[in-house]
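Structural overview
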Amino acid sequence: MTKSIDQAAQELLFTQANTPANFTDAPVSDSDIHAAYELMKWAPTAFNAQPLRIVLVNSPDNRAALVERVMEGNQTRVRTAPQVAIIAADTKFYEHMPVINPGMAGVPLWQNSEFTNNLANSQSWLQLGYLILALRSEGLGVYPMTGIHNAKINEHFFADGVLQTLAVVAIGHIDESAARPRNPRHEIETAVKSI
Ligand SMILES: Cc1cc2nc3c(=O)[nH]c(=O)nc-3n(C[C@H](O)[C@H](O)[C@H](O)COP(=O)(O)O)c2cc1C
């Protein structure tokens, strides 16, 4: 196994990978997303909880319903992107413990809903980060959005209350002609210190 990735891969994932202003019309299939999932699923989560759920919004009716439930500035992107996913946390992730972490199945911890809800939330966000990088590694552009109406999305798409929406993500092939400048990132002095 190689122990590091080369500069071209680092550029694809990080230094040259901006949040794309526009996508081309090239389609992104469910299997493209499945391929990214097959990578990101191996990245770690606490207790191996894996609470992230990805709901691909393909049908015209569902896409239209989602457009109505995101903030105005995000509506065109959600309407036109080749692929759009609702990113949600499974608040009952612990029901899968017998398979994904048998040693933790049925422990009293899972009866503490404050703990389980916090874990579902934090670990789903962590997994969304992994998903962004996995999609980028396939050469796709990713536009995450938290400018959405979470409660309205939950009410319409996840009426039983088990899945809690975190974000909506637009995915496509990047239209390089519409590149937009990137804002600066913090210098090491701001973000990292040794104590
Ligand atoms: C979790 C998350 C939520 C975001 N929500 C929105 C949003 O609702 N609307 C929007 O226009 N951009 C949104 N963005 C895009 C960010 O502003 C953008 O990724 C950031 O400024 C970095 O841009 P760059 O990758 O082009 O350098 C979001 C990004 C992330 C990671």
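The following refers to the structure shown. (Residues numbered from 1 in each chain as written. Predicted model: local features only at pLDDT ≥ 70, side-chain atom pairs only at ≥ 80, totals over all residues.)

**Section: the packing of helix α2 (residues 30-40) against helix α6 (residues 113-137)**
Packed helix pairs are characterised by how far apart their axes lie and by the angle those axes make with each other. With their axes 8 Å apart at the nearest point, α2 and α6 run at an angle of 125° to one another. Overall, the two elements α2 and α6 adopt an arrangement that is oblique. Viewed along their axes, α2 and α6 form a crossing whose handedness is right-handed. Here α2 contributes Ala36, Leu39 and Met40 to the contact with α6, which in turn contributes Gln127, Tyr130, Leu131, Ala134, Leu135 and Ser137. Taken together, the residues of the contact of α2 with α6 break down into seven nonpolar, two polar and no charged. (Axes fitted to C-alpha atoms, helices over the stretch in contact; angles between N-to-C directions. Helix = DSSP H or I, 4+ residues; strand = E, 2+ residues; numbered from the N terminus. Parallel < 35°, antiparallel > 145°, perpendicular 65-115°, else oblique. Left-handed = near helix turned anticlockwise from the far one by under 90°. Contact = placed C-beta atoms within 7 Å. Nonpolar A, V, L, I, M, F, W, Y, C, P; charged D, E, K, R; others polar.)

**Observations regarding the sheet that holds strand β4 (residues 163-172)**
Here we have four strands laid out as an open sheet, ordered β1-β2-β4-β3, and antiparallel in their pairing. Of all strands in the sheet, those with a lone pairing partner are β1 (52-56) and β3 (141-145), marking the two edges. Mean inter-strand twist for the sheet, computed between neighbouring axes without regard to direction, equals 30°. Where β1 lies against strand β2 (residues 83-90), five bridges are found, and the strand directions are antiparallel. Within the sheet, the bridge partner assigned to Leu56 lies in β2 and is Ala85. Across the face of the sheet, helix α4 (residues 72-80) comes into contact with β2, β3 and β4 while running at roughly 65° to β4. (Pairing = 2+ DSSP bridges.)

**Here's the deal with the pairing of β2**
Among the eight residues in β2, eight count as buried, and that is most of the element. The two faces of β2 match: Gln83, Ala85, Ile87 and Ala89 on one face and Val84, Ile86, Ala88 and Asp90 on the other face are all buried. (Buried ≥ 20, exposed ≤ 12 C-beta atoms within 10 Å, placed from the backbone.)

**Section: the site of the ligand**
By nearness alone, every residue bordering the ligand is listed as Asn18, Thr19, Gly73, Asn74, Pro144, Met145, Thr146, Gly147, Ala167, Arg182 and Asn183. Among the secondary structure elements, those contributing two or more residues to the shell around the ligand are α4 and β3. (Near = placed C-beta within 6 Å.)

**Structural notes on the packing of helix α3 (residues 60-67) against α4**
Relative orientation of the contacting elements α3 and α4 amounts to 170°, with a least axis distance of 9 Å. Comparing their axes, α4 and α3 come out roughly antiparallel. Along the contact surface, α3 presents Arg63, Leu66 and Val67, while α4 presents Gln75, Val78 and Arg79. Counted by class, the contact of α3 with α4 contains three nonpolar, one polar and two charged residues.

**What about the nonpolar core?**
Residues Val84, Ala85, Ile87, Leu135, Val168, Val169 and Ile171 are the most contacted members of the largest nonpolar core, which totals 39 residues. The set of elements that each furnish at least two residues to this core consists of α2, β2, α6, β3 and β4. When residues in this core are grouped by element, the largest group, seven residues, is from α6. In this view, Val168 contacts Leu66, Val70, Val78, Val84, Ile86, Ile87, Met145 and Ile148; residues no more than four positions away in its chain are not counted. (Core = buried A, V, L, I, M, F, W, Y, C linked by C-beta atoms within 7 Å.)

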